[in-house]
Amino acid sequence: MYEGDVRLDRVHLLVAILLTWVTLGLYPAYWIYSRRGAFNAMGPRRVDDLLGIAPLGMAILSLVFAVLGRSADLATGVLDGLMSLVGGVIMIVVSFRFRENLRSWVRERERSPLAADSVAKSGLMTFLFGPLYIQYHINRLKDAGLL
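These remarks concern the structure in this document. (Residues numbered from 1 in each chain as written. Predicted model: local features only at pLDDT ≥ 70, side-chain atom pairs only at ≥ 80, totals over all residues. Heavy atoms only, no water.)

### Brief notes about the side chain of T20
By secondary structure assignment, the location of T20 is in helix 1 (residues 13-22). With relative accessibility at 18%, the residue T20 sits in the buried group. Polar contacts involving the side chain of T20 include one to the main-chain carbonyl oxygen of A16, which spans 2.8 Å. Those residues in contact with T20 that sit more than four places away from it in its chain are G25, Y27, P28 and L132. (Helix = DSSP H or I, 4+ residues; strand = E, 2+ residues; numbered from the N terminus. Buried < 20%, exposed > 50% of the residue type's maximum accessible area, 1.4 Å probe, protein only. Polar contact = N/O pair within 3.5 Å; in protein donor to acceptor, adjacent residues only side chain to side chain. Contact = heavy atoms within 4.5 Å.)

Spelled out as structure tokens, the structure:
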């Protein structure tokens with residue numbers, strides 16, 4: 001039903017958390033950008049180029065503002081906060097699309113309804129942890145031989 005092969009790498013969750021910390025929050029936005037093609041091939045919920053790159057671009061600009069100290073002025077501080085907010089909202093939207101595609105992909109390939117129902121089951125966890133939560137379920141599927 002879906003186009004092409006899907007290749008998603010296993011990334012240990014502690015490594016993903018460490019990368020998030022070391023990159024000052026850029027890793028989850030990069031994770032979304034780098035995996036959107038695989039998730040687009042998995043299910044009906046597409047993530048276009050703009051949605052895929054916007055969180056990364058906004059996170060980089062926000063980091064640049066913070067490093068250069070430009071957020072001290074009110075206008076750039078508001079702009080910085082707005083970019084962070086919009087980037088965060090887009091990351092949440094994309095995480096839910098990825099979650100839906102992952103669940104759909106497992107439902108298509110695994111006969112047991114329990115398999116698809118147990119993949120990324122929690123909307124709250126998707127909202128709170130986004131890419132890290134989805135990566136955790138990718139790791140589980142790889143360990144089970146389903147991905």
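### Describing the side chain of N101
The topology assignment puts N101 in helix 4 (residues 74-109). Assessed through its relative accessible area of 0%, N101 is described here as buried. Looking at N101, its side chain comes within polar contact range of the main-chain oxygen of R45, at 2.6 Å. Those residues in contact with N101 that sit more than four places away from it in its chain are F39, N40, M42, G43, P44 and R45.

### A word on the nonpolar core
Ranked by internal contacts, the top residues of the largest apolar core, which has 32 residues, are W31, F39, L102 and I134. Elements with a contribution of two residues or more to this core: helix 2 (26-42), helix 3 (49-68), helix 4, helix 5 (113-118) and helix 6 (123-143). With eight residues, helix 2 is the single largest residue contributor to this core. Among residues more than four places away in sequence, those in contact with I134 are W31, F39, S95, R99, L102 and A120. (Core = buried A, V, L, I, M, F, W, Y, C linked by side-chain atoms within 4.5 Å.)

### Focus: the packing of helix 2 against helix 6
Their axes nearest at 10 Å, the elements helix 2 and helix 6 cross at an angle of 50°. Overall, the two elements helix 2 and helix 6 adopt an arrangement that is oblique. Both helix 2 and helix 6 take part in a crossing whose hand is left-handed. Across from P28, W31, I32, R35 and F39 in helix 2, the residues of helix 6 making contact are P131, I134, Q135 and I138. A breakdown of the residues in the contact of helix 2 with helix 6 according to their chemical character gives seven nonpolar, one polar and one charged. (Axes fitted to C-alpha atoms, helices over the stretch in contact; angles between N-to-C directions. Parallel < 35°, antiparallel > 145°, perpendicular 65-115°, else oblique. Left-handed = near helix turned anticlockwise from the far one by under 90°. Nonpolar A, V, L, I, M, F, W, Y, C, P; charged D, E, K, R; others polar.)

### A look at helix 6
The periodicity of an α-helix, 3.6 residues per turn, causes residues three or four positions apart to be oriented the same way. Look at helix 6: only 22 Å from first C-alpha to last across 21 residues, short of the 30 Å you get at 1.5 Å a residue. Of all the residues in helix 6, the buried ones are T126, G130, P131, L132, Y133, I134, Q135, H137, I138, N139 and L141. Those residues of helix 6 that are buried lie in contact with helix 1, helix 2, helix 4 and helix 5. Backbone nitrogen of L124 and a side-chain oxygen of the N-cap are separated by 3.3 Å at the start of helix 6; the cap is S122. Positioned one or two residues after helix 6, G145 has a phi angle of 80°, which is positive. (Expected span 1.5 Å × (residues − 1).)

### Quick look at the packing of helix 4 against helix 6
Working note: a packed helix pair is described by the angle between its axes plus the distance between those axes. Put simply, helix 4 and helix 6 touch, their axes get as near as 9 Å, and they point 40° apart. Looking at the two axes, helix 4 sits oblique to helix 6. Where helix 4 crosses over helix 6, the two elements pack in a sense that is left-handed. Of the residues in helix 6, those touching helix 4 at M91, I92, S95, F96, R99, L102 and V106 are G123, T126, F127, G130, P131, I134, H137, I138 and L141. Residue classes in the contact of helix 4 with helix 6 are distributed as ten nonpolar, five polar and one charged.

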